[in-house]
Amino acid sequence: MSDGGSKEGWWYTFSVIALLLVVCAESVAFSNYNKYVFLRHNLPAPVFYTATCQILSFCGAVFVWMVSPPWFYKRAQINSTASILKILLVPIGFVMNYGMNNLSLKFATVTVNQLIRSFAPVVVATTSYFIEGKVQSWPKLISLCFLVLGVVVGVGTSPDFEIMGTMICAGSLVGNAISIVMTAFVMGDANVKLKPIDVMLYTTMPSVVILLPWSYSLDELTTVKNSFYTNGGFWTVTWILVGGLLACTYTFLYVLLIKLTSSVYFSVSGGFRTVAAIVVSFFIFPQQLSLQSVTGIVIAMGAFIANSYFTLKERVAEIDQSKDIRKPLLDANNKV
């Protein structure tokens, strides 16, 4: 192994860990902020709220596109029907994922919501196998099994278990898998490789087209009007704008994390985000926690740490191997 390759691998590991911590911090803030917004006396219109977050994310992506110099960002051109269809699967999965997830927060606590969503790595790993053809190593598969065990123990014994919120949140896992795997797929496509800003530009507005009619069917416009009357226009608009800012930055960061690692690893990182979100939520919202739930959280957290270790170890080995392969070629070119 060359020193340059090892150095590059360490920089990669440091970058991923730093980005993971930022993504987790914003995920915790976003989850608890959304729970606060969806309280009955605030703005309990999760589908409409999700649509506004997507609109503001699109505006943020357009701003970056307009002001960025070509060396920093250049929009990817979409020139085939196949690429368009692949990209459109991302907003469909997003609507199922975040729309149903935000809706579940009206019924379930943050604890139950986050624990159920920790089951996502198994769903994503299965979807990734069929779409991307990616096979997980045995150590990573074993860690996934323990993650599932921790989630089952944590959710099944939680005093806050609620059937409606649980079913809606579980349904969002399918959309989560489609959205994450297809995001990784289009960023690594042989024909059109999208960057994080491209993903935001091409997938946010199609989501809005689906979300707004859904919101209308749920009569959420009446809820928004009531919020204007009871809470005032200032607070209603502020809740929406702050949510849009969080959505824009979080979308960019998590797409970047998927690009640097993989769709499966991003889902596995949900275990870390789960523990952090649950701990913070107990200081904000009235919730309960049993000894069995704590045991499940600990098991899930340990599984996440193990999976992170194996994932980063494999990626660093790939970087070092790539560096070692390129070096003899460069030496040969220099001798010519």
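For the structure given in this document, a descriptive report is provided here. All values derive from a computational prediction rather than experimental measurement.

Cut-offs applied
Residues numbered from 1 in each chain as written. Predicted model: local features only at pLDDT ≥ 70, side-chain atom pairs only at ≥ 80, totals over all residues. Heavy atoms only, no water. Helix = DSSP H or I, 4+ residues; strand = E, 2+ residues; numbered from the N terminus. Buried < 20%, exposed > 50% of the residue type's maximum accessible area, 1.4 Å probe, protein only. Polar contact = N/O pair within 3.5 Å; in protein donor to acceptor, adjacent residues only side chain to side chain. Contact = heavy atoms within 4.5 Å. Expected span 1.5 Å × (residues − 1). Bend = angle between axes of the 7 residues up to and from the residue. Axes fitted to C-alpha atoms, helices over the stretch in contact; angles between N-to-C directions. Parallel < 35°, antiparallel > 145°, perpendicular 65-115°, else oblique. Left-handed = near helix turned anticlockwise from the far one by under 90°. Core = buried A, V, L, I, M, F, W, Y, C linked by side-chain atoms within 4.5 Å. Nonpolar A, V, L, I, M, F, W, Y, C, P; charged D, E, K, R; others polar. Patch = residues over 30% accessible without salt bridge, like charges linked within 9 Å, V, L, I, M, F, W, Y side chains within 5 Å. Areas by Shrake-Rupley, 256 points an atom, 1.4 Å probe, with all protein chains shown as cover. Salt bridge = Lys/Arg side-chain N within 4 Å of Asp/Glu carboxyl O. Phe/Tyr/Trp six-rings, centres within 6.5 Å; stacked < 30°, edge-to-face > 60°.

## Describing the overall build of the protein chain
For the protein chain, the count of helices and strands is 13 helices and zero strands. Starting at the N terminus, the α and β elements of the protein chain follow one another as α-α-α-α-α-α-α-α-α-α-α-α-α. Residue burial in the protein chain is summarised as follows: out of 336 residues, 50% are buried.

## Some details on the side chain of Ser 227
By the secondary structure assignment, Ser 227 is in helix H9 (residues 220–231). A polar atom in the side chain of Ser 227 sits 2.8 Å from the side chain of Thr 236. Setting aside its immediate chain neighbours within four residues, Ser 227 contacts Asn 42, Leu 43, Gly 232, Thr 236 and Trp 239.

## Details of helix H2 (residues 46–67)
Its 22 residues place the ends of H2 32 Å apart at the C-alpha level, agreeing with the 32 Å of an ideal helix rising 1.5 Å per residue. Buried within H2 are the following residues: Pro 46, Val 47, Phe 48, Tyr 49, Thr 50, Ala 51, Thr 52, Cys 53, Gln 54, Ser 57, Gly 60 and Ala 61.

## Here's the deal with helix H8 (residues 196–217)
Given a rise of 1.5 Å per residue, 22 residues ought to cover 32 Å, and the 32 Å separating the end C-alpha atoms of H8 matches this to within 8%. Along H8, the largest kink reaches about 30 degrees and is centred on Thr 203; proline Pro 206 follows within four residues of it.

## A word on the environment of Tyr 254
Looking at the secondary structure, you find Tyr 254 in helix H10 (residues 233–260). Sequence-wise, Tyr 254 and Leu 19 are 235 residues apart; in three dimensions their C-alpha atoms are separated by 8.6 Å. Not counting the four nearest positions on each side in its chain, Tyr 254 is found in contact with Val 23, Tyr 98, Ser 179 and Phe 266.

## Thoughts on the packing of H2 against H8
Helix-helix packing is described using two parameters, namely the angle between the two axes and the distance between the axes. Running from N to C, H2 and H8 point in directions that differ by 155 degrees, and their axes come no closer than 8 Å. In terms of their interaxial angle, H2 and H8 are classed as roughly antiparallel. The interaxial crossing formed by H2 with H8 has left-handed handedness. Within the contact between the two elements, H2 uses Val 47, Phe 48, Thr 50, Ala 51, Gln 54, Ile 55, Ser 57, Phe 58, Ala 61, Val 62, Val 64 and Trp 65 and H8 uses Ile 197, Met 200, Leu 201, Thr 203, Thr 204, Met 205, Ser 207, Val 208, Leu 211, Leu 212, Trp 214 and Ser 215.

## A short note on the nonpolar core
If you look at the biggest cluster of nonpolar residues, it comprises 51 residues, and the most contacted ones within it are Leu 194 and Phe 266. Elements supplying a minimum of two residues to this core: helix H1 (3–37), H2, helix H3 (81–104), helix H7 (163–187), H8, H10, helix H11 (263–268) and helix H13 (291–335). Top element by residues in this core is H10. It accounts for ten residues.

## With respect to the packing of H9 against H10
Where H9 meets H10, the closest approach of the two axes is 6 Å, and the angle between their N-to-C directions is 125 degrees. The pairing of H9 with H10 is recorded here as oblique in orientation. Residues Ser 227, Phe 228 and Asn 231 of H9 touch H10, and the partners they reach there are Gly 233, Trp 235, Thr 236, Val 237 and Trp 239. Counted by class, the contact of H9 with H10 contains four nonpolar, four polar and no charged residues.

## Here we look at a nonpolar patch on the surface
Together, Trp 138, Leu 141, Ile 142, Phe 146 and Leu 149 make up an exposed nonpolar region whose accessible area comes to about 530 Å². Structurally, Trp 138 can be placed in helix H6 (residues 138–156). Trp 138 sits in the exposed class, given a relative accessible area of 66%.

## Focus on the packing of aromatic side chains
Summed over all chains, the structure comprises seven aromatic pairs. Between Trp 71 and Phe 72, the aromatic rings sit 6.0 Å apart at their centres with planes inclined by 80 degrees, giving edge-to-face as the arrangement. Residue classification places Phe 72 among the exposed positions, given a relative accessible area of 52%. Aromatic pair Tyr 250 and Tyr 254: ring centres 5.4 Å apart, planes at 45 degrees, arrangement tilted. Taken together, the positions of Tyr 250 and Tyr 254, both in helix H10 and four residues apart, correspond to about one turn of that helix. Of the residues examined, Tyr 250 reaches a relative accessible area of 6% and is grouped as buried. When its relative accessible area of 6% is taken as the criterion, Tyr 254 is described as buried. An aromatic cluster of three or more residues is present, and its members are Tyr 36, Phe 234, Trp 235 and Trp 239.

## What to know about unusual backbone geometry
The phi dihedral of Asp 219 is positive, around 60 degrees, even though this residue is not glycine. Secondary-structure assignment places Asp 219 in the loop between H8 and H9. Given the relative accessible area of 46%, Asp 219 is considered partly exposed.

Nothing here speaks to function; it is geometry throughout.
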